[in-house]
Amino acid sequence: WSLMYIYNMADKDHPTVASAITLFKDKFGGEPNIAACAPGRVNLIGEHTDYCDGFVFPMALEEFTCVVGRKTDTGICRLVTASDQDKEDSYTEFSVKHGDLAQGEPAWANYVKGVMKHSPEVSGFDAAIATCVPIGGGLSSSAALEVSTHTFLDILRDGKSENTKEKALTCQKAEHTFANMPCGIMDQFISTFGQAGSALLIDCRSLTSEVAKIKDPNVVVFIANSNVTHKLSDSEYPKRKKACEDAVKVLNATYPEVKSLRDANMEQLEAVKGNMDEVTFRRARHVIGEIGRCTDAAKAFENSDYDAFGKLMIASHMSLKDDYEVSCKELDLLQSLAMEVKGVYGSRMTGGGFGGCTVTLAHASCKEELEAHIMKGYPKAKCFFTKPGDGARQINL
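Quantities reported herein were computed from a predicted structural model and do not represent experimental measurements.

Calculation criteria
- Residues numbered from 1 in each chain as written.
- Predicted model: local features only at pLDDT ≥ 70, side-chain atom pairs only at ≥ 80, totals over all residues.
- Heavy atoms only, no water.
- Phe/Tyr/Trp six-rings, centres within 6.5 Å; stacked < 30°, edge-to-face > 60°.
- Lys NZ or Arg CZ within 6 Å of the ring centre and 35° of its normal.
- Salt bridge = Lys/Arg side-chain N within 4 Å of Asp/Glu carboxyl O.
- Helix = DSSP H or I, 4+ residues; strand = E, 2+ residues; numbered from the N terminus.
- Buried < 20%, exposed > 50% of the residue type's maximum accessible area, 1.4 Å probe, protein only.
- Axes fitted to C-alpha atoms, helices over the stretch in contact; angles between N-to-C directions.
- Parallel < 35°, antiparallel > 145°, perpendicular 65-115°, else oblique.
- Left-handed = near helix turned anticlockwise from the far one by under 90°.
- Contact = heavy atoms within 4.5 Å.
- Core = buried A, V, L, I, M, F, W, Y, C linked by side-chain atoms within 4.5 Å.

Here we come to the packing of aromatic side chains. Two numbers describe a pair of aromatic rings. These are the distance of the centres and the angle of the planes. All chains considered together, the criterion is met by 11 aromatic pairs. Of the aromatic side chains, those joined through ring pairs into one cluster are Phe57, Phe301, Tyr306, Phe309 and Tyr345. Its end group placed over the ring of Phe385, Lys367 keeps NZ or CZ at 5.1 Å from the ring centre.

What follows is the structure, encoded as structure tokens:
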């Protein structure tokens, strides 16, 4: 199990929090007096459905991003990150005034700027950021940064922070406008509302959710990071979203009640197949099928039918590979390696795709064999077991 199992997520002695505090003291002098954290997430099933008003079934990770700092009256934000990936651009400073906030370099600071732009203005602050969420691994390190920043700013202004739908929507808007990523609401929602010990079935149209607890202590969640990173906004993600929108236009011409792919079924899609190109058809087929798989999987999960859940995970992976074409040879290898281990219920790529991670649901009895088999077949993988964690929160310093 990860270090999260030893330390409370809101514990100032947690190594990630401690590293942020040390970094703050080294860079700015003195002690920080405000701290907040928010988790990454792993989506168990329901991929590329959130921007189609569909259902998703993620869980918050125990791995998180934290922001520690203190308020100033300088009108300036001074930021430093502990991320190894940003060593050369680990520090930046800029005006906190809304009219001055704009995209720029370093790129990681755009997530902070975006949240600031869409939140009430502050007088200034110094802050240090640290994370144990793998960056670029499809585990929503960006949402963890956005939601932890929002929580930090709330405390800075108001002395407290509440987890609300508005917080999640503000962070989603920040990613749209300052990271050029037209993402759905899932990542920011689960980072805000995650519950320890549970996954959430999220309705991305109504922004409501149902809690599904992991009732069997012998069920484990295994993450395998391919260490193939991706920049989704520079890749195929926007093309997939547009294909879904194009499919809706064709469907809507015959079935006016179809406002998004959430409203369509396979029979309707087959009926209009001749009115769209083959690629658009396959993209829509994945989304419609995945929405159905997601709701079926949530029922299986609630009933502790992990065999059925695992089969749906496998079907999801194959659809993402063949119809949505967002997998890659590294993810396909990790998924197939996991399925070779007795005791594994199911495995699939998770996240936007084009690299990142696979998620595997397994019986605890095969933990050691599973990790060893993955590492033998794909030595550069970084693997860890995790549990569902809590959403955003204040850290008491």
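What follows deals with the pattern of salt bridges. Evaluated as defined, the whole model comprises 20 salt bridges. Note that Arg205 is salt-bridged to Asp53, the shortest N-O span being 3.4 Å. Here Arg205, found in the loop between β6 (198-203) and β7 (208-213), pairs with Asp53, found in the loop between β1 (34-45) and β2 (55-71); they are 152 residues apart in sequence, far enough to count as distant. We classify Arg205 as partly exposed; its relative accessible area is 38%. It is possible to trace a salt-bridge network through shared partners that takes in Glu47, Glu290, Arg293 and Arg348.

Another aspect to go through is the packing of helix α9 (residues 306-322) against helix α10 (residues 329-339). Direction vectors running N to C along α9 and α10 enclose 160°, while the axes themselves pass 12 Å from each other. The angle between α9 and α10 places the two elements in the roughly antiparallel class. As for how α9 packs across α10, the hand of that crossing is left-handed. Note on element contacts: α10 touches α9 through Leu331, Asp332, Gln335 and Met339, opposite Ile314, His317, Met318 and Lys321.

Core analysis: the biggest nonpolar cluster contains 57 residues, and Phe57, Leu261 and Phe309 have the highest contact counts within it. What Phe309 contacts, discounting residues up to four positions off in sequence, is Leu44, Ile45, Phe57, Ala297, Ala300, Phe301 and Leu361. Membership of the second largest hydrophobic core comes to 27 residues, among which are Ala36, Val115, Met116 and Val122.

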